[in-house]
Amino acid sequence: MRSRPARGTGPGAGAGALDRDRIVAALLRLLDADGVDRFSMRRLAADLNVTPMSLYWYVDNKDDLLELALDAVAGEIELPDPAAGHDWRDDLRLLATAWRRVMVAHPWALRCYGEYLNIGPQSVRFARCARAVIARSPLPPTRWSTALSAVFQYVYGFTVMESRWIEGGRAIGRTADEFFSEVADSVTGVPGVEAAGGLLEQRGGLTLAQIRDQDFHRTLDWLIAGMTAAPS
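Rules and cut-offs
In this convention, every chain numbers its residues from 1, walking through the sequence in written order. Only residues with pLDDT of at least 70 are given local features in this predicted model, and only at 80 or more are side-chain atom pairs given and counted; all residues enter the totals for whole chains, interfaces and linings. To obtain the side-chain values, all non-hydrogen atoms of the structure were included, while hydrogens and water were left out. A run of DSSP states H or I qualifies as a helix once it reaches four residues; a run of E qualifies as a strand once it reaches two. Both are numbered from the N-terminal end. Three labels apply to residues, based on accessible area from a 1.4 Å probe with only protein chains included: buried if under 20% of the type maximum, exposed if over 50%, partly exposed otherwise in between. Contacts between residues were defined by any pair of non-hydrogen atoms, one from each residue, lying within 4.5 Å. Exposure was quantified through the Shrake-Rupley algorithm and a 1.4 Å probe, taking into account, for residues, occlusion by the shown protein chains and nothing else. Take the number of residues in a helix, subtract one, and multiply by 1.5 Å to get its expected span. Arc definition: directions from the helix axis to the C-beta atoms. In this scheme Phe, Tyr and Trp rings, the latter by its six-membered ring, pair at centre separations within 6.5 Å, and the angle between planes marks the pair as stacked below 30 degrees, edge-to-face above 60, and tilted otherwise. Our definition puts a charge over a ring when NZ of Lys or CZ of Arg is within 6 Å of the ring centre and also within 35 degrees of the ring normal. Each polar contact in these results corresponds to two N or O atoms within 3.5 Å; when the atoms are within protein, one needs to be able to donate a hydrogen and the other to accept it, and residues that are neighboring in sequence are counted only if both atoms are side-chain atoms. pLDDT gives the predictor's per-residue confidence on a scale running from 0 to 100. A carboxyl oxygen of Asp or Glu within 4 Å of a side-chain nitrogen of Lys or Arg is what we treat as a salt bridge. Only buried residues count toward a nonpolar core. Its members are Ala, Val, Leu, Ile, Met, Phe, Trp, Tyr and Cys residues joined through side-chain atoms within 4.5 Å. Structural elements are reduced to axes, namely lines fitted to C-alpha atoms, with helices fitted over the stretch in contact, and the angle between N-to-C directions of any two is expressed from 0 to 180 degrees. Should an angle fall under 35 degrees it is taken as roughly parallel, and over 145 as roughly antiparallel, whereas 65 to 115 is taken as roughly perpendicular and any remaining angle as oblique. Throughout this entry, Asp, Glu, Lys and Arg are counted as charged residues, while Ala, Val, Leu, Ile, Met, Phe, Trp, Tyr, Cys and Pro are counted as nonpolar. The remaining residues, Gly among them, count as polar.

Right, let's get into the overall build of the chain. Across its full length, the chain holds 11 helices and 0 strands. Burial analysis of the chain (232 residues in total) assigns 38% to the buried set. When contacts within the chain are restricted to residue pairs at least 6 apart in sequence, long-range pairs at least 24 apart make up 67% of them. Surface summary for the chain: the accessible area is close to 13000 Å², and the carbon and sulfur share equals 55%.

Set out below in structure tokens:
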């Protein structure tokens, strides 16, 4: 949230000078490729072709950088226009779907959401939009936060599990469908365990991604419908 050093005032000023935006862009590339566990200031500096100490002109520490990266990811979430006159339920679905889409693309960000305050300008932008959407619902203002928590805690939990299957398959060179089938097959026949073997076939030959989409949107619809059906 603090103001950043002006372009060209840090080390290496001149053409192609280092600045916070360039640092965060490089960090996003590293995190998307390797995740949080392999991130270090030294690796980031090498990617930028600068010394590690030069990064500290722009940030205090590694945590600062991860918070900046998390906020940059929040800036990728497409927001509905609350003034466009759409039904509030449709806008809430769009928000939830857009959040899920971006987080699946940046699975490392899901871990950071549990570790940092997440109060950067892009995250505040998202929160303001969500509040403007729920304010158009019939719910009383005292229930707005509860309703948004119900939706986005569900979306967070769903997306964490979704990303685990994607990342698990990638780690062993499998697609998510192949990984899921292997896991299900490995526990088939174990006494007392009801595996999900044949799930893909049971859903009419849909892929795991298509099944996840169906389940995600169906449960989201149930949540939104329940908001106005339950006593306030």
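Picking up where we left off.
It is worth spelling out helix H7 (residues 121-134) at this point. Between its first and last C-alpha, H7 extends 20 Å over 14 residues, near the 20 Å set by a 1.5 Å rise per residue. Inspection of H7 places Ser123, Phe126, Cys129, Ala130, Val133 and Ile134 among the buried residues, and these make up the whole buried set. Seen end-on, H7 carries its buried residues on one side only, within an arc spanning 130°. Turned more than 90 degrees away from the buried face of H7, the exposed residues are Pro121 and Arg128. Those residues of H7 that are buried are in contact with helix H4 (62-74), helix H5 (88-105), helix H8 (144-171) and helix H11 (208-229).

All told, the structure shown has 6 aromatic pairs when counted by the stated rule. Among the aromatic residues, those joined into a ring-pair cluster are Trp99, Tyr113 and Tyr156. Positioned above the aromatic ring of phenylalanine 216, the side-chain terminus of arginine 100 is 4.5 Å from the ring centre.

In an α-helix, one turn spans 3.6 residues; hence positions three or four apart end up facing the same way. In a regular helix each residue adds 1.5 Å, so 28 residues correspond to 40 Å; H8 covers 40 Å between its end C-alpha atoms and thus fits that length. Positive phi shows up at glycine 173, right after H8, with a value of about 75°.

One can find arginine 100 in helix H5. Within the local environment of arginine 100, its side chain forms a polar contact with the side chain of glutamate 162, the two groups lying 2.9 Å apart. When near neighbours in sequence (up to four residues on either side) are disregarded, arginine 100 contacts Val155, Phe158, Thr159, Glu162, Arg212, Asp213, Phe216 and His217.

Attention now moves to the side chain of aspartate 71. By secondary structure assignment, the location of aspartate 71 is in helix H4. Among residues more than four places away in sequence, those in contact with aspartate 71 are Gly120, Pro121, Gln122 and Ser123.

Attention shifts here to the confidence of the model for the chain. Any residue range with low pLDDT should be treated as having predicted coordinates unsuitable for detailed reading. Scored by pLDDT, the chain has a mean of 85; 86% of the residues are at 70 or more. Model confidence for the chain, summarised as mean pLDDT per element, is weakest for helix H10 (residues 199-202) at 52 and strongest for H5 at 96.

The next subject is the pattern of salt bridges. For the coordinates displayed, the defined rule picks out 13 salt bridges. Through salt bridges with shared partners, one network takes in Arg100, Glu162, Arg212 and Asp213.

With that settled, the discussion passes to the nonpolar core. By size, the foremost hydrophobic cluster in this structure holds 57 residues, and its most contacted members are Leu44, Leu92, Trp99, Met103, Trp108, Ile134 and Phe152. Elements with a minimum of two residues in this core: helix H1 (20-34), helix H2 (41-48), H4, H5, helix H6 (107-113), H7, H8 and H11. Setting aside residues no more than four positions away along its own chain, leucine 92 makes contact with Val133, Ile134, Leu148, Val151, Phe152, Ile224 and Met227.

At a minimum axis separation of 10 Å, H8 and H11 run at an interaxial angle of 170°. Accordingly, the angle class assigned to the pair H8 and H11 is roughly antiparallel. Taken together, the residues of H11 that come into contact with H8 (itself represented by Ala147, Ala150, Val151, Tyr154, Val155, Phe158, Glu162, Trp165 and Ile166) are Arg212, Asp215, Phe216, Thr219, Leu220, Leu223 and Met227. Split into classes, the residues belonging to the contact of H8 with H11 amount to 12 nonpolar, 1 polar and 3 charged.

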